[in-house]
Amino acid sequence: MSEPVSPTENEPLPDEAPEPRRREPVFNLPPVVLAVIGICAAVYLLQQYGLNETQQMTLLYDGAFIPVLYTGQYGFDWFLFTRPFTYAFMHGGVAHIAINMIWLAAFGSPLANRLGTLRFAVFYAVTGLASVVLFWALHPYGEAPLVGASGAISGMMGAAARYGFSIDRSSGKAAFAGEPLSIGIVLRSRGVMTFLGVWMVINLATGLLGFAPGIDGQIAWEAHIGGFIAGFFGLRFFDRPTAAA
């Protein structure tokens, strides 16, 4: 028969402080991802509420990527050097920026934790540039302005596929784990290929059929493909080597 336990045996001693309960932060995004989201939000608010109609058109012309300006028919201006990068911080509507920022938080956070701030920033710029290069190659005389971060975000999806979408949380923050998979292994991975197949179908459906609820204008699926290719095949140029055990 067990003896009853006195109340004092269950209570902590006066000099023993209870262990603090660890709380997971509501927002645990890397600073560089928060910075990109903040810039995109600030630019969108400026477009919508800080500028008149003439100023909005000027910002769109100077900041968005317009393919026909790169065919040599309209002369030279200094914004030709910046448009292939600034377009990735501009968006065409609430749904457009909201969807992109959600995907940026989901795929950009583990990638930024893996690559580090500088490498991630360069990755964002390069995949965004690759997006407009392919878009321009397919539509060199297009006059519609191209805006949005989805090309660079597609590059992050390409990088995620090379990690097999494997996440390591042992350090307290989510980061893509392991060495990048070879292309052959990725192509043989049923889970990765299923995700990429669904993503590709959605891109083609929204781009070719023009079906994108809440988003005005046509979806530039070509830019998404350009960013994805750059992220998928170029990841090893940005990846940090993992420490050997």
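Before any of the text, the structure's been laid out above.
Residues numbered from 1 in each chain as written. Predicted model: local features only at pLDDT ≥ 70, side-chain atom pairs only at ≥ 80, totals over all residues. Heavy atoms only, no water.

## Notes on helix α10 (residues 221-234)
Note: α-helices contain 3.6 residues per turn, so residues at a spacing of three or four share the same orientation.
Link 1 in the chain: Taking 1.5 Å as the rise per residue, α10 with 14 residues should run 20 Å; its terminal C-alpha atoms sit 20 Å apart, in good agreement.
Link 2 in the chain: Of all 14 residues in α10, 11 are buried; the element is thus mostly enclosed.
Link 3 in the chain: Residues Glu222, Ala223, His224, Ile225, Gly226, Gly227, Phe228, Ala230, Gly231, Phe232 and Gly234 constitute the buried set of α10. (Helix = DSSP H or I, 4+ residues; strand = E, 2+ residues; numbered from the N terminus. Expected span 1.5 Å × (residues − 1). Buried < 20%, exposed > 50% of the residue type's maximum accessible area, 1.4 Å probe, protein only.)

## Here's the deal with the packing of aromatic side chains
Link 1 in the chain: This model, assessed by the stated rule, comprises 14 aromatic pairs.
Link 2 in the chain: Aromatic pair Phe107 and Phe165: ring centres 6.5 Å apart, planes at 70 degrees, arrangement edge-to-face. Highlighted residues: Phe107 in helix α5 (residues 94-115) and Phe165 in the loop between α7 (150-162) and β1 (167-168), separated in sequence by 58 residues.
Link 3 in the chain: The exposure class of Phe107 is buried, given its relative accessible area of 9%.
Link 4 in the chain: On the basis of relative accessible area, Phe165 is assigned to the partly exposed category, the value being 26%.
Link 5 in the chain: Each residue in the set Trp103, Phe107, Phe165 and Phe195 is aromatic and connected to the rest through ring pairs, giving one cluster.
Link 6 in the chain: Here Arg83 stacks its cationic end above the ring of Tyr61, 5.1 Å away from the centre of that ring.
Link 7 in the chain: Note that Arg162 overlies the ring of Phe232, its terminal NZ or CZ placed 5.4 Å from the centroid. (Phe/Tyr/Trp six-rings, centres within 6.5 Å; stacked < 30°, edge-to-face > 60°. Lys NZ or Arg CZ within 6 Å of the ring centre and 35° of its normal.)

## Some details on the packing of helix α6 (residues 117-138) against α10
Link 1 in the chain: Orientation of α6 relative to α10, taken along the N-to-C sense of each, is 135 degrees, at an axis distance of 7 Å. As far as their axial angle goes, α10 and α6 are oblique. Considering how the two elements wind past one another, α6 and α10 form a crossing that is right-handed. Where α6 approaches α10, its residues Phe123, Thr127, Ala130, Ser131, Leu134, Phe135 and Leu138 are matched on the opposing element by Glu222, Ala223, Ile225, Gly226, Gly227, Ala230 and Gly231.
Link 2 in the chain: Here the residues of the contact of α6 with α10 are counted per class, giving eight nonpolar, five polar and one charged. (Axes fitted to C-alpha atoms, helices over the stretch in contact; angles between N-to-C directions. Parallel < 35°, antiparallel > 145°, perpendicular 65-115°, else oblique. Left-handed = near helix turned anticlockwise from the far one by under 90°. Contact = heavy atoms within 4.5 Å. Nonpolar A, V, L, I, M, F, W, Y, C, P; charged D, E, K, R; others polar.)

## A word on the pattern of salt bridges
Link 1 in the chain: With the rule as written, the count across this model stands at three salt bridges.
Link 2 in the chain: For the salt bridge of Asp239 with Arg114, the shortest nitrogen-to-oxygen distance reads 2.9 Å. With Asp239 in the segment after α10 and Arg114 in helix α5, this pair connects stretches of sequence that are 125 residues apart. For the residue pair Asp239 and Arg114, the accessibility class agrees, reading buried in each case. (Salt bridge = Lys/Arg side-chain N within 4 Å of Asp/Glu carboxyl O.)

## Quick look at the nonpolar core
Where a protein is soluble and globular, its nonpolar side chains tend to be buried together.
Link 1 in the chain: Residues Leu104, Leu111, Phe120, Leu146 and Met156 are the most contacted members of the largest nonpolar core, which totals 43 residues.
Link 2 in the chain: Mapped by element, the contributors of at least two residues to this core are α2 (31-50), α5, α6, α7, α9 (190-208) and α10.
Link 3 in the chain: Here Leu111 is in contact with Phe120, Phe123, Met156, Ala159, Tyr163 and Phe176, once residues within four sequence places are set aside. (Core = buried A, V, L, I, M, F, W, Y, C linked by side-chain atoms within 4.5 Å.)

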